[in-house]
Amino acid sequence: MAQEDGGTGRRGRGRPAGSRSGTPETRDRILAAAREEFSARGYDKTSIRSIAKSAGVDSSLVHHYFGAKEQIFAASIELSFEPAFGVPDVLAAGPEGVGERLARFFVAIWENPVSRAPMLAILRSAVTNDTAASVLRGIVLRRLLERVASELKVPEPRLRAELAGAQMIGIAMMRYVIRIEPLASADMEEVVALVAPTLQRYLTDPGPVTG
């Protein structure tokens, strides 16, 4: 019998062969498994153990790479939000038509079943769990809205970026999570056309953003 784990002749319980030590590929596999688990179960029902089982590794290896559940949730959110991090590029194209470009960009992410599934799970988790909501806030503020605000050449750019984000998150909740009609069944282009002027005002109008 081959000697493993310091010559004891035993494998770590629940640790498949080939998964005893960390590699970049192992880390990626754990992260992919976490994303799937959070998407399928939500934050509350996902555990380090379930992530490890899905990835085919020992729970200690998940802790080694990511620490607690909150940290691996944050990492999986960043992965799920990756398409949205291109928003500053949409803004950098110039002020004319930016509301329409931004609306189409966000709606297209939600219309794609591949990107919609993890985004739905993230929103649902954030609504029901304070820890998940805190993680989501931190990533949205740090990685997305602050970058959007840096591209705006108008007064109160941070507030305007947050208002634009709130508009799009609200649409996502109503259309894809709660599925309230007629918004849930409205044509994508109709939704884009209706919301674009509001986003345009938030992002480019130098006047007051309220009132």
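Keep in mind the model is a prediction, meaning the values are calculated, not measured.

Visitor: Hey, could you run me through the nonpolar core in this one?
Guide: It is characteristic of soluble globular proteins that their nonpolar side chains tend to be buried jointly. In this structure, Ile30, Val62, Ile72, Ile77, Phe81, Leu199 and Leu203 are the most contacted members of the largest nonpolar core, which totals 61 residues. Element by element, the count of residues in this core is highest for helix 8 (residues 130-151), at nine residues. Discounting residues that sit within four places of it in the chain, Ile30 has contacts with Ile51, Ala55, Val57, Leu61, Val62, Tyr65, Phe66 and Ile72.

Visitor: Is there a simple way to explain a nonpolar patch on the surface in this structure?
Guide: Where nonpolar side chains cluster on the molecular surface, the patch consists of Met174, Ile178 and Ile180 and spans about 240 Å² of accessible area. By the secondary structure assignment, Ile180 is in the loop between helix 9 (157-177) and helix 10 (188-204). We classify Ile180 as partly exposed; its relative accessible area is 35%.

Visitor: Explain helix 1 (residues 24-45) to me, please; I cannot follow it from the model alone.
Guide: Residue pairs spaced three or four apart in an α-helix point in one direction, given the helix's 3.6 residues per turn. Helix length check: helix 1, at 22 residues, gives a terminal C-alpha distance of 27 Å against a target of 32 Å (1.5 Å per residue), a shortfall beyond 12%. The principal kink in helix 1, of about 80°, is found at Ser39. Along helix 1, the residues that are buried comprise Thr26, Ile30, Leu31, Ala33, Ala34, Glu37, Phe38, Gly42 and Tyr43. For helix 1, the secondary structure elements touched by its buried residues are helix 2 (48-55), helix 3 (59-66), helix 4 (69-80), helix 7 (113-128) and helix 8.

Visitor: Looking at this model, I keep getting lost on the packing of aromatic side chains. Mind explaining?
Guide: By convention here, two paired aromatic rings are described through the distance between centres and the angle between planes. Under the criterion given, the structure shown has six aromatic pairs. Arranged with centres 6.1 Å apart and planes meeting at 90°, the rings of Phe105 and Phe106 form a pair that is edge-to-face. Summarising the aromatic geometry, the rings of Trp110 and Tyr176 are spaced 5.4 Å apart at their centres and angled 15° between planes, so their arrangement reads as stacked. Highlighted residues: Trp110 in helix 6 (residues 98-111) and Tyr176 in helix 9, separated in sequence by 66 residues. Pair check on accessibility: Trp110 and Tyr176 agree, each one buried. Feature note: the residues Phe38, Tyr43 and Phe73 constitute an aromatic cluster, connected by ring pairs. In this structure, Lys69 is placed above the aromatic ring of Tyr43, and the distance from its NZ or CZ to the ring centre is 4.3 Å.

Visitor: Just checking my understanding: could you explain the confidence of the model for the protein chain for this structure?
Guide: Low pLDDT marks regions whose predicted coordinates should not be analysed in detail. When pLDDT is averaged across the protein chain, the result is 83; 89% of the residues are at 70 or more. A low-confidence stretch, residues 1-20 stays under pLDDT 50, and its non-local contacts, those more than four residues away or across chains, total 25 contacts.

Visitor: Explanation requested: helix 2 in the structure shown.
Guide: Listed in full, the buried residues belonging to helix 2 are Ile48, Ser50, Ile51, Ala52 and Ala55. Buried residues belonging to helix 2 abut helix 1, helix 3 and helix 4. Phi for Gly56, located one or two positions after helix 2, is positive at around 75°.

Visitor: For this particular structure, what's the right way to read the pattern of salt bridges?
Guide: Note that side chains of opposite charge can pair when their charged atoms are close. Applying the stated criterion to the full structure yields six salt bridges. The salt bridge partner of Glu189 is Arg104, with a shortest N-O separation of 2.4 Å. Highlighted residues: Glu189 in helix 10 and Arg104 in helix 6, separated in sequence by 85 residues. The exposure class assigned to Arg104 is partly exposed, which follows from its relative accessible area of 28%. As a salt-bridge pair, Glu111 and Arg175 come within 2.9 Å of each other at their nearest N and O atoms. You can see Glu111 sitting in helix 6 and its partner Arg175 sitting in helix 9, a full 64 residues away along the chain.

Scoring rules and cut-offs
- Residues numbered from 1 in each chain as written.
- Predicted model: local features only at pLDDT ≥ 70, side-chain atom pairs only at ≥ 80, totals over all residues.
- Heavy atoms only, no water.
- Core = buried A, V, L, I, M, F, W, Y, C linked by side-chain atoms within 4.5 Å.
- Buried < 20%, exposed > 50% of the residue type's maximum accessible area, 1.4 Å probe, protein only.
- Helix = DSSP H or I, 4+ residues; strand = E, 2+ residues; numbered from the N terminus.
- Contact = heavy atoms within 4.5 Å.
- Patch = residues over 30% accessible without salt bridge, like charges linked within 9 Å, V, L, I, M, F, W, Y side chains within 5 Å.
- Areas by Shrake-Rupley, 256 points an atom, 1.4 Å probe, with all protein chains shown as cover.
- Salt bridge = Lys/Arg side-chain N within 4 Å of Asp/Glu carboxyl O.
- Expected span 1.5 Å × (residues − 1).
- Bend = angle between axes of the 7 residues up to and from the residue.
- Phe/Tyr/Trp six-rings, centres within 6.5 Å; stacked < 30°, edge-to-face > 60°.
- Lys NZ or Arg CZ within 6 Å of the ring centre and 35° of its normal.
- pLDDT = per-residue confidence, 0-100.

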